[in-house]
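# Inside the fold
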2 protein chains.
Amino acid sequence: MQRDTSQRRAIRRALEDAGRPLGALEVLEASKSAAPGLGIATVYRNIKALLKGGDISEVALPGEPPRYEAAGKDHHHHFRCERCEKVYELGGACLPDLKNALPRGFRATGHEVLVHGVCAACARKR
Amino acid sequence: MQRDTSQRRAIRRALEDAGRPLGALEVLEASKSAAPGLGIATVYRNIKALLKGGDISEVALPGEPPRYEAAGKDHHHHFRCERCEKVYELGGACLPDLKNALPRGFRATGHEVLVHGVCAACARKR
DNA sequence: CCAGATATGATATTGTATTATCATTATCAA
DNA sequence: TTGATAATGATAATACAATATCATATCTGG
């Protein structure tokens, strides 16, 4: 049976509270205060378990390792800051006529949008 | 000085003629008829040289190694077939109001869209 | 509280894409 | 044609994220 450990709680909580997708190392950092001594292997193990349990979902990004966010959100897109490399969640505004742009015979089942630029925090700095 | 070899010609030509972004192994395959015995190291070397020379550009994809396409095209998006895993180029149709969806203080410098589904060739098969 | 099972942390290992090495081959200016 | 040297192919080495291993620590049902 699945046990209730402080590490598991800390990791789940970090992902729920982040409000944005976190990578494995970000999860490690965010969980350390609640679970001192936490190791990266445990982070990976629990990310996998949370994925399997449907608690979080994977956010695949071009050219870098995946991030993870709380599951069950409405369809949305992401923003990646090119300075701090954090990924943020964008509000739902979506593109309705993507299908019209498809070549004949192609069938779309989904899409991903990644906007990049500078986030508010970094824009403030310089 | 840069020399003109059959391998280099074959690789450049494969990327120009493909009409869609190719990964390193796809480049190898597509170039073999024009350059028998071609090795993967040479493919990587020439991809890098073509990138530096501005002849091709990199197409980064979520969760997989990059593809490369002829440079200088108008802004466009990509389609990835989930059966054959080929990536196709989509016509220009773009999303004008992405900026409106940005949180206060965020500044966008660009975006990428990846549509996924089944390409015409695979849809025909089954 | 205890015993057995699960989880953890440290680290070794794997898997995969890319780059470096090096002996050999091919290009090209003179 | 030829000599200097850039390019090639085979493969070893690297980089990196993710997983496996294993001794130890921690849960939890009884």
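Anyway, here's the lowdown on the structure attached to this text. On a predicted model such as this, the values are computed, not experimentally measured, just so you know.

## Quick look at unusual backbone geometry
Positioned with a positive phi, Glu85 of chain A is a non-glycine residue whose angle comes to about 65°. Looking at where Glu85 of chain A falls in the secondary structure, it is placed in the loop between strand E3 (77-81) and strand E4 (87-90).

## Let's talk about the pattern of salt bridges
Within this structure, the stated rule accounts for 20 salt bridges over all chains. Taking the shortest distance from any N to any O, the salt bridge between Glu26 of chain A and Arg20 of chain A comes out at 3.2 Å. Overall, Glu26 of chain A belongs to the partly exposed group, its relative accessible area being 23%. Put simply, Arg13 of chain B and Asp17 of chain B hold a salt bridge, and the shortest N to O gap is 2.9 Å. Highlighted residues: Arg13 of chain B and Asp17 of chain B, both in helix H1 (residues 6-18), separated by four residues, approximately one helical turn. By relative accessible area, Asp17 of chain B is classed as partly exposed at 49%.

## A short note on the protein's contact with DNA strand C
Near DNA strand C you find 21 residues, and of these Arg3, Thr5, Thr42 and Arg45 of chain A together with Tyr44 of chain B are the closest. Of all atoms in DNA strand C that approach within 4 Å of the protein, 62% are sugar or phosphate atoms. Note that a phosphate oxygen of DNA strand C is positioned 2.8 Å from one of the side-chain N or O atoms of Thr5 of chain A. In this structure, a phosphate oxygen belonging to DNA strand C sits 3.1 Å away from a main-chain N or O atom of Asp4 of chain B. Those elements giving two or more residues to the surface near DNA strand C turn out to be helix H1 (6-18) and helix H3 (40-52) of chain A together with helix H3 (40-52) and strand E2 (64-70) of chain B. Class assignment of the residues belonging to the surface near DNA strand C gives a composition of seven nonpolar, seven polar and seven charged.

## Remarks on the protein's contact with DNA strand D
Residues in contact with DNA strand D amount to 21 residues; listed here are only the nearest, Tyr44 of chain A together with Arg3, Thr5, Thr42 and Arg45 of chain B. Counting only the atoms of DNA strand D that lie within 4 Å of the protein, the sugar and phosphate share comes to 63%. For DNA strand D, a phosphate oxygen lies 2.6 Å from a polar atom in the side chain of Tyr44 of chain A. Side-chain polar atom of Gln7 of chain B to a sugar or linking oxygen of DNA strand D: 3.0 Å apart, as the coordinates give it. When contributions to the surface near DNA strand D are tallied by element, the ones reaching two or more residues are H3 and strand E2 (64-70) of chain A together with H1 and H3 of chain B. Looking at side-chain class alone, the surface near DNA strand D contains seven nonpolar, seven polar and seven charged residues.

Cut-off values and rules
- Residues numbered from 1 in each chain as written.
- Chains lettered and ligands numbered in written order.
- Predicted model: local features only at pLDDT ≥ 70, side-chain atom pairs only at ≥ 80, totals over all residues.
- Heavy atoms only, no water.
- Helix = DSSP H or I, 4+ residues; strand = E, 2+ residues; numbered from the N terminus.
- Salt bridge = Lys/Arg side-chain N within 4 Å of Asp/Glu carboxyl O.
- Buried < 20%, exposed > 50% of the residue type's maximum accessible area, 1.4 Å probe, protein only.
- Near = heavy atom within 4 Å.
- Polar contact = N/O pair within 3.5 Å; in protein donor to acceptor, adjacent residues only side chain to side chain.
- Nonpolar A, V, L, I, M, F, W, Y, C, P; charged D, E, K, R; others polar.

All quantities given are derived from atomic positions and should not be read as evidence of function.
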